[in-house]
Amino acid sequence: MVEVDRTVIEDVGISLLQMMENAGRNLADLAIRRFKPGRTVVVAGSGGNGGGGMAAARHLFNRGVAIEVLLIKEDISPVASQQRDVLRRMGVSVHLDRAVLDTADLVIDAVIGYSLSGAPHGVAADVMQQMCELNVPILALDTPSGVDVTTGEAFDPHIEATATMTLAAPKSGLVGHPAVGEHFLADISVPRSVYNSLGKRMGNPFAQSTIVRITG
């Protein structure tokens, strides 16, 4: 997926923000369709996964869902910062106060995506541990945080999701993994020609819908 993203951005010309927008819209659609949420908290990491979660927060807000964003830290990547700044201009609460988790009836896990390398640590691990103690559904973006998408290794801590919406293509470590819960696949506009150029056969899984169910 690292090479897929690179090829899409550098060779095709589809920006990371465009793919993030597609991910966020699809995640919001799935959250509403599957959970019919009242008060939702997006827990956003510092990178692209957090940015996708914040894009979803914007779409949920526009559709009337009570939404707050919990950042794991203030120092985040430029692309995530852009999503955060848009939300604040819209009047969506984006902050560092973990007490907001206690008010949620749905939590969206957008802490760590496929870039995970080893066990989560520091503030990310602390927030994830608090998420694990909640008694509410968790919808994970791309992967439950703390689960290696290639090997399936579940580190300590890791999120046990109610449902996971993975992006673009199935990840070998996630299919059938107990931490994934209900498993969905979402289109983020990666052309099939990109997979072909990398020797991967994807077929056309999104012919009928931009979100398809894999398992669960």
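Just above, that's the structure.
Rules behind the numbers
- Residues numbered from 1 in each chain as written.
- Predicted model: local features only at pLDDT ≥ 70, side-chain atom pairs only at ≥ 80, totals over all residues.
- Heavy atoms only, no water.
- Axes fitted to C-alpha atoms, helices over the stretch in contact; angles between N-to-C directions.
- Helix = DSSP H or I, 4+ residues; strand = E, 2+ residues; numbered from the N terminus.
- Parallel < 35°, antiparallel > 145°, perpendicular 65-115°, else oblique.
- Left-handed = near helix turned anticlockwise from the far one by under 90°.
- Contact = heavy atoms within 4.5 Å.
- Nonpolar A, V, L, I, M, F, W, Y, C, P; charged D, E, K, R; others polar.
- Buried < 20%, exposed > 50% of the residue type's maximum accessible area, 1.4 Å probe, protein only.
- 1 Å grid on protein atoms, 1.4 Å probe; cavity = no way out; pocket = protein on both sides within 12 Å on 5 of 7 lines; lining within 4 Å.
- Points joined across faces, edges and corners; volume = space filled by probe spheres on them.
- Pairing = 2+ DSSP bridges.
- Arc of directions from axis to C-beta.

K.L.:
Help me understand the packing of helix α2 (residues 16-35) against helix α3 (residues 48-62), please; the structure alone is not making it clear to me.
P.N.:
Helix-helix packing: each pair is described by the crossing angle between the helix axes and the interaxial distance. At a minimum axis distance of 7 Å, the contact between α2 and α3 shows a crossing angle of 55°. Accordingly, the angle class assigned to the pair α2 and α3 is oblique. Crossing geometry of α2 relative to α3 is assigned as right-handed. Listed contacts from α3 to M20, E21, G24, R25, L27, A28, A31 and I32 of α2 are G48, G51, G52, A55, A56, R58, H59 and L60. The residue inventory of the contact of α2 with α3, partitioned by class, reads 8 nonpolar, 5 polar and 3 charged.

K.L.:
Just to check I follow, could you spell out unusual backbone geometry for this structure?
P.N.:
Most peptide bonds take the trans form, and the phi angle of most residues other than glycine is negative. Following D156, the chain continues to P157 via a peptide bond in cis, the omega torsion being 0°. Within the element layout of this structure, P157 appears in the loop between β5 (138-141) and β6 (163-167). Phi angles above zero are rare outside glycine, and D142 is one such case at about 75°. D142 gets classed as buried once you look at its relative accessible area, which sits at 4%. Although it is not a glycine, A168 adopts a positive phi angle of roughly 75°. Here A168 is to be found in the loop between β6 and β7 (182-186).

K.L.:
Just checking my understanding: could you explain the layout of surface pockets for this structure?
P.N.:
The probe, sized like a water molecule, is rolled over the atoms to show the empty space still left. Roughly 620 Å³ of volume is contained in the largest pocket. What lines the largest pocket is a set of 32 residues, and nearest its centre among them are G48, N49, G113, Y114 and S115. When contributions to the lining of the largest pocket are tallied by element, the ones reaching two or more residues are α2, α3 and α5 (122-132). Looking at the lining of the largest pocket, the element that brings in the most residues is α2, giving 4 residues. Looking at the lining of the largest pocket residue by residue, the class counts come to 17 nonpolar, 11 polar and 4 charged. Volume-wise, the second largest pocket comes out at about 380 Å³. Lining of the second largest pocket is provided by 17 residues; of these, M1, A169, P170, K171 and K200 occupy positions nearest its centre. Among the elements that take part in the lining of the second largest pocket, helix α1 (residues 2-12) stands out by supplying 3 residues, more than any other.

K.L.:
Looking at this model, I keep getting lost on the pairing of β6. Mind explaining?
P.N.:
Within a regular strand, side chains alternate between the sheet's two faces. Burial analysis of β6 places 5 of its 5 residues in the buried class, the great majority of the element. Along β6, one buried face is formed by A163, M165 and L167 and the opposite face, lined by T164 and T166, is buried too. Of the pairings in the sheet, the one linking β5 to β6 comprises 3 bridges and is parallel in character. What sits directly across from A140, in β6, is T164. As paired elements, β6 and β7 share 5 bridges and run parallel to each other. Residue A163 lies in a different strand from β7, and its bridge partner there is E182.

K.L.:
Would you mind going over α5 with me for this structure?
P.N.:
When we look at burial in α5, the residues that qualify are A124, A125, V127, M128 and M131. Axial view of α5: buried residues confined to an arc of 165°, hence all on one face. Turning to α5, the residues buried within the fold contact β1 (39-44), β2 (66-71), β4 (106-110) and β5.

K.L.:
Can you walk me through the packing of α2 against helix α4 (residues 78-90) in this structure?
P.N.:
Where α2 contacts α4, the two axes come as close as 11 Å, and the packing angle between them is 50°. When the interaxial angle is binned, α2 and α4 end up oblique. The interaxial crossing formed by α2 with α4 has right-handed handedness. Residues L16, L17 and M20 of α2 lie in contact with α4, whose contacting residues are V79, Q82 and Q83. Residues belonging to the contact of α2 with α4 are distributed by class as follows: 4 nonpolar, 2 polar and no charged.

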